[in-house]
Amino acid sequence: MHVALTGATGFLGLRLLRRLLDTHRSVTVLTHAGSGDALQRIIRFFELTGSPQAFTAALPDRLRVVETDLARAGLGLSGHAFQELADGIGTLWHSAGSINLEGDLAELRRTNVEGTRHVLELAAAGRLRPRVHHVSTAFVAGARREGVAYEDELDDTHGFENAYERSKYEAELLVHAWSKEHGRPVLVLRPGILVTDLPPHPDLPSHPLQVVERILRDARHAPGPGTPALRADARPRVRMVGHALGRLNLLQVEHAAEVMVRLAGRAPSGGVDTYHVVHDRDVPVTTVVEVLERLVAVSVELVDARPDTPSALESLLDFYPGMTAYLAHRRRFDDTRVRARLGPSAASAPVGAGYLRAGLAARPWTVPAPPGVAADVSPPVHRA
């Protein structure tokens, strides 16, 4: 059955696409209209991550790019084009969405909720009755900061840390309603915070910790009007709301994509099957803080509440509350169902300070070599 994928140029979507191309001769990628040359960005990703030249050369023949607008009914396509697209899909992966933790709820709903609604309408219209795989987030669990979040849970009792979490929760409600209305199975995949050990590169999408590091670095170097510039060797103190015993679920993005594709190969129950695609060992918040301190040259102090008299640097960070809310989390995401389906192979390699530094620190870029081929080192690329 032919497979289609939204979000193929995103941080996770590119890894999902690589896995899907292992088992499918061709893939239709639904890209955002007007966002640039998606095919070239995809090819560039595979070049930088060490795919064989023969593989990348074949991509223009293996990928069908369809420009769409998820926020519009009919995906912004003509009626004929919409139906033709729908009738050619046997499996539909929905990975696209906004992950802006500071975003406005109305805007996030247009992308994450209405976008999901329109993708489900595409699935409903297809004559092949395609299977739907919906990528959500483990953080639909909301603002509950302790205890255990289970895969079967979906409620808003505890509220949400930000509009992003609420929009993904509402999208999942749509998925459940659609499955019930149409009597169709849906696979819901809820990843934790996805990371990589590939260093930053201007041609690759960022992951959440890279965004946090960049915000902290920018704030340190722009302390605010009327405030003297910091010496290069200074380590200003930054008070951030968090918990010394907090923990974050950080998972290698490549492993997440592998687990997701394997789960998609399991027989569906007939309703909505939900899986937490998470690491079995959380990373202490203190480890993340130590990595950021080393990279950005600040001294982070975890405090119980926002300071009454924040420094200029702390005031700048207040513009990004969605980024730092998770430093106070101590909950655990249960993944019993994933481990029951996949066994020990669902377990991930450790994510430690060294791994996190590798994915955050700018350094000369080395292209991984395909198996059996000597490594190719491209000219150094440095991030400003």
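Just above sits the structure.
Keep in mind the model is a prediction, meaning the values are calculated, not measured.

Draft legend 1. Spatial organisation of the pairing of strand β4 (residues 91-94). Burial along β4 is two-sided: Thr91 and Trp93 facing one way and Leu92 and His94 facing the other are all buried. In the sheet, strand β1 (residues 3-6) pairs with β4 via 4 bridges, with the strands oriented parallel. Bridge assignment links Ala4 to a residue of β4, and that residue is Leu92. Sheet topology places β4 next to strand β5 (residues 131-135); 4 bridges connect them, and they run parallel.

Draft legend 2. Broad picture of the nonpolar core. Residues Leu16, Leu17, Val27 and Trp93 are the most contacted members of the largest nonpolar core, which totals 44 residues. The element that contributes the greatest number of residues to this core is helix α8 (residues 253-264), accounting for 8 residues.

Draft legend 3. Structural view of the layout of surface pockets. Approximately 1200 Å³ is the volume attributed to the largest pocket. Contributing to the lining of the largest pocket are 49 residues, with Phe11, Ser95, Gly97, Ser98 and Ile99 lying nearest its centre. Those elements giving two or more residues to the lining of the largest pocket turn out to be α1 (11-23), β2 (27-32), α6 (163-182), β8 (193-195), α7 (208-221), α9 (285-296) and α11 (321-324). For the lining of the largest pocket, the element with the highest residue contribution is α7, accounting for 4 residues. Taken together, the residues of the lining of the largest pocket break down into 27 nonpolar, 19 polar and 3 charged. Size it by volume and the second largest pocket reaches roughly 320 Å³.

Draft legend 4. Representation of the pattern of salt bridges within the structure. Under the definition given, this model contains 20 salt bridges. Linking Arg109 and Glu170 is a salt bridge whose minimum nitrogen-to-oxygen distance equals 2.8 Å. Here Glu170 lies in helix α6 and Arg109 lies in helix α5 (residues 105-125), a separation of 61 residues in the sequence. Residue classification places Arg109 among the partly exposed residues on the basis of a relative accessible area of 34%. Under the relative-accessibility criterion, Glu170 is labelled buried at 16%.

Draft legend 5. Just α6, in detail. The first and last C-alpha atoms of α6 sit 29 Å apart over 20 residues, in line with the 28 Å expected at 1.5 Å per residue. At the C-terminal side of α6, Gly183 shows a positive phi close to 65 degrees.

Draft legend 6. The sheet that holds β5, seen in detail. Pairing is parallel across the open sheet formed by 7 strands, whose spatial order is β3-β2-β1-β4-β5-β7-β12. If you trace the sheet from one side to the other, it starts and ends with β3 (63-68) and β12 (272-277), each paired once. In this sheet, adjacent strand axes meet at a mean angle of 20 degrees when their direction is disregarded. Where β2 meets β3, 6 bridges bridge the pair, whose relative direction is parallel.

Draft legend 7. Just the packing of α5 against α6, in detail. At a minimum axis distance of 9 Å, the contact between α5 and α6 shows a crossing angle of 20 degrees. Between α5 and α6, the angle falls in the class roughly parallel. Seen from above, α5 lies across α6 with right-handed handedness. Across the interface between the two elements, Leu105, Leu108, Arg109, Asn112, Val113, Thr116, Arg117, Leu120, Ala123 and Ala124 of α5 pack against Ala163, Tyr164, Arg166, Ser167, Lys168, Glu170, Ala171, Leu174, Val175, Trp178 and His182 of α6.

Draft legend 8. Representation of the environment of Gly359 within the structure. The topology assignment puts Gly359 in the loop between α13 (353-358) and β16 (366-367). Gly359 sits 153 residues away from Ser206 along the chain, and the two C-alpha atoms are 9.7 Å apart.

Draft legend 9. Representation of helix α4 (residues 79-87) in the model. Turning to α4, its buried residues number three or more, namely Phe82, Leu85 and Ala86. Along α4, the residues classed as buried sweep out an arc of 100 degrees about the axis, all on the same side. Where α4 is buried, its residues meet β2, β3 and α5.

Draft legend 10. Just the packing of aromatic side chains, in detail. For the coordinates displayed, the defined rule picks out 5 aromatic pairs. With a centroid separation of 5.2 Å and 65 degrees between ring planes, the pair formed by Phe45 and Phe46 is classed as edge-to-face. Judged by centre distance (5.2 Å) and plane angle (80 degrees), the ring pair of Phe46 and Phe55 falls under edge-to-face. You can call Phe46 buried: its relative accessible area is 1%. In this structure an aromatic cluster arises from ring pairing among Phe45, Phe46 and Phe55. Sitting above the plane of the Phe55 ring, Arg18 keeps its charged end 4.0 Å from the centroid.

Draft legend 11. The arrangement of unusual backbone geometry in detail. Non-glycine residue Leu75 carries a positive phi angle of around 60 degrees. Tracing the sequence through the fold places Leu75 in the loop between β3 and α4.

Draft legend 12. Looking closely at the side chain of Glu314. Relative to the helices and strands, Glu314 is located in helix α10 (residues 312-317). A polar side-chain atom of Glu314 sits 2.8 Å from the main-chain amide nitrogen of Ser311. What Glu314 contacts, discounting residues up to four positions off in sequence, is Arg237, Val238, Arg239, Pro307 and Thr309.

Thresholds, definitions, all that
- Residues numbered from 1 in each chain as written.
- Predicted model: local features only at pLDDT ≥ 70, side-chain atom pairs only at ≥ 80, totals over all residues.
- Heavy atoms only, no water.
- Buried < 20%, exposed > 50% of the residue type's maximum accessible area, 1.4 Å probe, protein only.
- Helix = DSSP H or I, 4+ residues; strand = E, 2+ residues; numbered from the N terminus.
- Pairing = 2+ DSSP bridges.
- Core = buried A, V, L, I, M, F, W, Y, C linked by side-chain atoms within 4.5 Å.
- 1 Å grid on protein atoms, 1.4 Å probe; cavity = no way out; pocket = protein on both sides within 12 Å on 5 of 7 lines; lining within 4 Å.
- Points joined across faces, edges and corners; volume = space filled by probe spheres on them.
- Nonpolar A, V, L, I, M, F, W, Y, C, P; charged D, E, K, R; others polar.
- Salt bridge = Lys/Arg side-chain N within 4 Å of Asp/Glu carboxyl O.
- Expected span 1.5 Å × (residues − 1).
- Axes fitted to C-alpha atoms, helices over the stretch in contact; angles between N-to-C directions.
- Parallel < 35°, antiparallel > 145°, perpendicular 65-115°, else oblique.
- Left-handed = near helix turned anticlockwise from the far one by under 90°.
- Contact = heavy atoms within 4.5 Å.
- Arc of directions from axis to C-beta.
- Phe/Tyr/Trp six-rings, centres within 6.5 Å; stacked < 30°, edge-to-face > 60°.
- Lys NZ or Arg CZ within 6 Å of the ring centre and 35° of its normal.
- Polar contact = N/O pair within 3.5 Å; in protein donor to acceptor, adjacent residues only side chain to side chain.

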